[in-house]
Amino acid sequence: MFVTKEHYLDADEIPDEILAHLMIVAKKIISVLKEIYKPDGYSIMQNGGMFNDVGHYHMHLFLRYKGDGFGLLSSDDKKEVNAEIAKNIRDRMLNCP
């Protein structure tokens with residue numbers, strides 16, 4: 001998940017140049033994650049209005065794998081995330097063009 005620095009609730013409240021920058025950042029994140037995890041694809045999702053349960057604009061990026069069962073319904077499965085993985089992603093993003 002990634003968020004804007006300034007507070008916005010929904011995409012239609014965000015100035016165009018900031019929204020465009022978010023997609024540039026998403027592109028870099030996707031490039032790094034594809035290199036590390038070799039997914040079959042990915043999905044980007046943003047919930048707005050009453051479905052924005054964070055109360056701040058944010059976008060989700062999901063790596064996708066053939067047969068992953070991904071759908072609009074969420075799973076209760078816990079995913080492993082740790083500081084080492086986050087540092088690896090951050091370091092690689094700093095080296096993106």
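All values derive from a computational prediction rather than experimental measurement. (Residues numbered from 1 in each chain as written. Predicted model: local features only at pLDDT ≥ 70, side-chain atom pairs only at ≥ 80, totals over all residues. Heavy atoms only, no water.)

(A) The pattern of salt bridges, seen in detail. Under the counting rule described, the total for this entry stands at three salt bridges. Ionic pairing is found between Arg92 and Glu35, a salt bridge with its closest N-O pair at 2.6 Å. Here Glu35 lies in helix α1 (residues 16-37) and Arg92 lies in helix α2 (residues 83-94), a separation of 57 residues in the sequence. Among the residues examined, Glu35 registers a relative accessible area of 47% and is labelled partly exposed. The partner of Asp91 in a salt bridge is Lys87, with the nearest N and O atoms 2.5 Å apart. Here Asp91 pairs with Lys87, and both are found in helix α2, just four residues apart, close to one helical turn. (Salt bridge = Lys/Arg side-chain N within 4 Å of Asp/Glu carboxyl O. Helix = DSSP H or I, 4+ residues; strand = E, 2+ residues; numbered from the N terminus. Buried < 20%, exposed > 50% of the residue type's maximum accessible area, 1.4 Å probe, protein only.)

(B) Quick look at the side chain of Asp10. By the element assignment, Asp10 lies in the loop between β1 (2-3) and α1. Lys5 provides the closest opposite charge to the buried, unpaired Asp10, separated from it by 21 Å. Contact partners of Asp10, with chain neighbours within four places excluded, come to Gly48, Gly49, Asn52 and Tyr57. (Lys, Arg positive; Asp, Glu negative; His and termini not counted. Contact = heavy atoms within 4.5 Å.)

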